[in-house]
Amino acid sequence: MEFGVVLDHLPLLVGGALRGVLYAVGGFVIGIACAALIILGRMAWGRWVTIPSQIFVEIVRNTPFLLQAFFLYFGLAKLGVMMPGYVAAIIIVTFNSAAYATEILRSGMLGIPKGLLEAGDSLGFTALQQFRYVVARPMLRAALPALSGQFIIIMLNTSLLSAIAIPELNYEASNLASTSFRPFEVYVVVAVIYLTLSSVFAGLFALIRRRVSGSWGSERRMQDIV
């Protein structure tokens, strides 16, 4: 095995990895925001939002990420919507993340004591106030472990964006493997990069969960409000 040619092009691979992380972070953050809006819409308008959002969630959760990427990228182009690769990548990741985050947040919401929700209703809170003061904090705290795992899955799934020529780590690796004739060495290094990124983000999320548990553990602020 000869890793010299791979190490010579390591900055190229690292650049692709950083772009993939940016796609994942940008799309995932926007996806969580969209999921929170869906949860709020369900609280405010009931089945008028619940039924369409359930259909959306089931479609996304039961189709492959790569198929969704093809559908959005080529489908939007068919409609005349042309966009840079990084914009398309973030839209694709957002689309996928929003569906999974909706179910994760909904599961977190189910763990909220019913008495807190009833207290918010008795105080005459609107749906927005109920979400802000009663639902958001305990829902996010309960959903954080699952959201952490989902982010890592999304980050790894960005490797599939190479199929639609969006530059990221797997895209750069494929080009390097075809020009260097060292595919095994290239993909060994790529595997190490993905493993390192996953480990770093897993550790980061574990630290965030510990800090969140310490700051929200008593729920005193919520109890004062309700």
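Residues numbered from 1 in each chain as written. Predicted model: local features only at pLDDT ≥ 70, side-chain atom pairs only at ≥ 80, totals over all residues. Heavy atoms only, no water.

A.B. asks: Any chance you could explain the side chain of Glu185 here in plain terms?
C.D. replies: For Glu185, the position within the fold is in helix H9 (residues 183–216). Assessed through its relative accessible area of 5%, Glu185 is described here as buried. Each residue touching Glu185, except ones within four places of it in the same chain, is listed here: Met1, Glu2, Phe3 and Val6. (Helix = DSSP H or I, 4+ residues; strand = E, 2+ residues; numbered from the N terminus. Buried < 20%, exposed > 50% of the residue type's maximum accessible area, 1.4 Å probe, protein only. Contact = heavy atoms within 4.5 Å.)

A.B. asks: Please explain the environment of Leu197 as it appears in this structure.
C.D. replies: Residue placement: Leu197 occurs in helix H9. For Leu197, a relative accessible area of 19% gives the class buried. For the pair Leu197 and Val21, spaced 176 residues apart in the sequence, the C-alpha separation amounts to 8.7 Å. For Leu197, the residues in contact, after removing those within four places along its chain, are Ala17, Val21 and Met155.

A.B. asks: Would you explain helix H3 (residues 47–61) in this entry?
C.D. replies: Structural remark: α-helix, 3.6 residues per turn; residues separated by three or four positions point the same way. Helix length check: H3 (15 residues) gives 20 Å between terminal C-alpha atoms against 21 Å at 1.5 Å per residue, within 8%. For H3, the set of buried residues is Thr50, Ser53, Val57 and Val60. Taken around the axis of H3, the buried residues stretch over an arc of 105°, which confines them to a single face. Across H3 from its buried face, at more than 90 degrees, point the exposed residues Arg47, Trp48 and Ile59. Of the surrounding secondary structure, the elements contacted by the buried residues of H3 are helix H2 (10–45), helix H4 (65–78) and helix H5 (85–110). (Expected span 1.5 Å × (residues − 1). Arc of directions from axis to C-beta.)

A.B. asks: Sorry if this is basic, but what is going on with the pattern of salt bridges here?
C.D. replies: When their charged atoms lie close together, side chains carrying opposite charge are able to pair. For the structure on display, the rule yields four salt bridges. Arg19 is the salt-bridge partner of Glu172, the closest N and O atoms lying 2.7 Å from each other. Of this pair, Glu172 sits in helix H8 (residues 169–180) while Arg19 sits in helix H2, and the two are 153 residues apart along the sequence. A relative accessible area of 28% places Arg19 in the partly exposed class. (Salt bridge = Lys/Arg side-chain N within 4 Å of Asp/Glu carboxyl O.)

A.B. asks: I tried to follow the packing of aromatic side chains on my own but got confused; where do I start?
C.D. replies: How two aromatic rings sit relative to each other is given by the distance of their centres and the angle of their planes. Overall, the coordinates contain seven aromatic pairs when judged by the stated rule. When the ring of Tyr73 is compared with that of Phe74, the centres are 5.3 Å apart and the planes differ by 80°; the resulting orientation is edge-to-face. With 6.5 Å between their ring centres and 35° between their planes, Phe201 and Phe205 make a pair best called tilted. Of the two residues, Phe201 and Phe205 are both situated in helix H9; the distance of four residues between them amounts to about one turn of the helix. (Phe/Tyr/Trp six-rings, centres within 6.5 Å; stacked < 30°, edge-to-face > 60°.)

A.B. asks: Help me out: how do you make sense of unusual backbone geometry in this one?
C.D. replies: Leaving glycine aside, a negative phi is the common case for residues, and trans is the common case for peptide bonds. Positioned with a positive phi, Ala165 is a non-glycine residue whose angle comes to about 65°. If you trace the backbone, Ala165 turns up in the loop between helix H7 (127–157) and H8. Even without a glycine there, the phi angle at Phe181 is positive, about 60°. If you trace the backbone, Phe181 turns up in the loop between H8 and H9. Judged by relative accessible area, which is 68%, Phe181 ranks as exposed.

A.B. asks: Would you explain a nonpolar patch on the surface in this entry?
C.D. replies: A contiguous nonpolar surface patch, about 290 Å² in accessible area, is contributed by Ile51, Ile55 and Ile59. For Ile55, the location among the structural elements is in helix H3. (Patch = residues over 30% accessible without salt bridge, like charges linked within 9 Å, V, L, I, M, F, W, Y side chains within 5 Å. Areas by Shrake-Rupley, 256 points an atom, 1.4 Å probe, with all protein chains shown as cover.)

A.B. asks: Which parts of the structure should I look at to understand the packing of H4 against H5?
C.D. replies: Each pair of packed helices can be summarised by the angle the axes make with each other and by the distance between the axes. At a closest axis distance of 10 Å, the pairing of H4 and H5 adopts a crossing angle of 130°. One element, H4, and the other, H5, form an angle in the oblique class. Judged by the sense of rotation from one axis to the other, the crossing of H4 with H5 is right-handed. Where H4 abuts H5, its residues Phe65, Gln68, Ala69, Leu72 and Tyr73 lie against Ala88, Ile91, Ile92, Val93, Phe95 and Asn96. Of the residues belonging to the contact of H4 with H5, the class tally is nine nonpolar, two polar and no charged. (Axes fitted to C-alpha atoms, helices over the stretch in contact; angles between N-to-C directions. Parallel < 35°, antiparallel > 145°, perpendicular 65-115°, else oblique. Left-handed = near helix turned anticlockwise from the far one by under 90°. Nonpolar A, V, L, I, M, F, W, Y, C, P; charged D, E, K, R; others polar.)

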